[in-house]
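# A structural walkthrough
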Amino acid sequence: MSYFQAVLDGYSLFHNPEYVEDRLKAGVIFGAFVDGRLAGFVGEHHEGSMGMLEVFPPYRGHGLGLALESFQINRYLSQGRVPFDQVIVGNEKSMSLQKKVGMELSKDTMSWLHRKKNPTQPGSMPDGSLRAEAYLEGEMHTAKITPENLPGSCTDAAGTLRGRYGGAVGAL
């Protein structure tokens with residue numbers, strides 16, 4: 001897991017070492033490489049949605065996010081799956097990218113609720129009662145590909161990115 005720290009530090013949505021390690025071990029995080037260096041990554045969340053898209057600052061603004069998103073969409077389609085993701089309300093860059101690749105955005109929003117873990121006794125309180133405290137991850141739109149609006153590929157058959165930065169996409 002030589003890219004663990006880079007993915008952990010680069011993922012801006014949250015800092016969760018166990019989650020990043022799990023996703024890397026599952027083989028569902030893919031990196032974009034420019035001149036042999038990791039320039040960004042995209043992943044798959046535990047419930048099956050696309051996400052974790054990050055492009056490192058020196059490589060932003062040159063279509064690498066579009067290439068990574070397209071790579072992930074093509075991967076889902078090749079597996080006979082419907083590509084979908086969730087975009088936090090107000091994340092205009094991500095909303096624009098979803099539209100650019102042909103994703104249809106939901107009109108309604110959804111929210112994820114997570115239980116907070118008790119560090120001494122996971123899932124319960126010291127007195128044995130269940131911990132009911134939760135936190136809201138954020139209000140999100142769902143984006144998915146519709147059959148009538150499939151995107152074009154931004155990668156060739158070998159996974160080489162097209163555009164200003166030539167590089168490859170591969171599993172981390």
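Reference entry: report on the structure contained in this document. Owing to the predicted nature of the structure, the values given are computational and were not obtained by experimental measurement.

Scoring rules and cut-offs
- Residues numbered from 1 in each chain as written.
- Predicted model: local features only at pLDDT ≥ 70, side-chain atom pairs only at ≥ 80, totals over all residues.
- Heavy atoms only, no water.
- Helix = DSSP H or I, 4+ residues; strand = E, 2+ residues; numbered from the N terminus.
- Buried < 20%, exposed > 50% of the residue type's maximum accessible area, 1.4 Å probe, protein only.
- Contact = heavy atoms within 4.5 Å.
- Areas by Shrake-Rupley, 256 points an atom, 1.4 Å probe, with all protein chains shown as cover.
- Arc of directions from axis to C-beta.
- Polar contact = N/O pair within 3.5 Å; in protein donor to acceptor, adjacent residues only side chain to side chain.
- Core = buried A, V, L, I, M, F, W, Y, C linked by side-chain atoms within 4.5 Å.

Bringing the overall build of the protein chain into the picture now. A tally of regular secondary structure across the protein chain gives four helices and seven strands. For the protein chain, the α and β elements follow one another from N to C terminus as α-α-β-β-β-α-β-α-β-β-β. In the protein chain, which comprises 172 residues, the share counted as buried stands at 41%. Considering only residue pairs separated by 6 or more positions, the protein chain has 57% of its internal contacts joining residues 24 or more positions apart. As displayed, the protein chain offers around 9,600 Å² of accessible surface, 53% of which is attributable to carbon and sulfur atoms.

Looking now at helix 4 (residues 92-100). Of the residues making up helix 4, those classed as buried are Ser94, Met95, Leu97 and Gln98. Buried residues in helix 4, looked at end-on, bunch into an arc of 160°, giving them a common side. Residues Glu92, Lys93, Lys99 and Lys100 are exposed on helix 4 and point more than 90 degrees away from its buried face. Just downstream of helix 4, Gly102 is the residue with a positive phi angle, here 95°.

All right, on to helix 2 (residues 17-25) then. Those residues of helix 2 lying buried are Tyr19, Val20, Arg23 and Leu24. Buried residues of helix 2, viewed axially, fall in a sector of 130°; they line one side. Seen from the buried face of helix 2, the exposed residues on the opposite side, beyond 90 degrees, are Glu18 and Lys25. Buried residues belonging to helix 2 abut helix 1 (4-10), strand 1 (29-34), strand 2 (37-44) and strand 3 (50-55). Regarding helix 2, its N-cap is Asn16, as a side-chain oxygen of that residue lies 3.2 Å from the backbone nitrogen of Glu18 further along. Downstream of helix 2 by one or two residues, Gly27 has phi in the positive range, about 75°.

On to unusual backbone geometry. The phi dihedral of Asp35 is positive, around 50°, even though this residue is not glycine. Along the chain, Asp35 falls in the loop between strand 1 and strand 2. By relative accessible area, Asp35 is classed as exposed at 64%. Its identity is not glycine, yet Met52 carries a phi of approximately 60°, on the positive side.

Right, let's talk about the nonpolar core for a bit. Ranked by internal contacts, the top residues of the largest apolar core, which has 22 residues, are Ile29, Phe41, Met52, Tyr59 and Leu64. For this core, the elements supplying multiple residues, two or more each, are helix 1, helix 2, strand 1, strand 2, strand 3 and helix 3 (64-78). The element best represented in this core is strand 1, accounting for five residues. When near neighbours in sequence (up to four residues on either side) are disregarded, Met52 contacts Tyr11, Tyr19, Arg23, Ile29, Phe41, Val42, Gly43 and His45. If you look at the next biggest cluster of nonpolar residues, it comprises six residues, including Met50, Leu97, Val101 and Met103.

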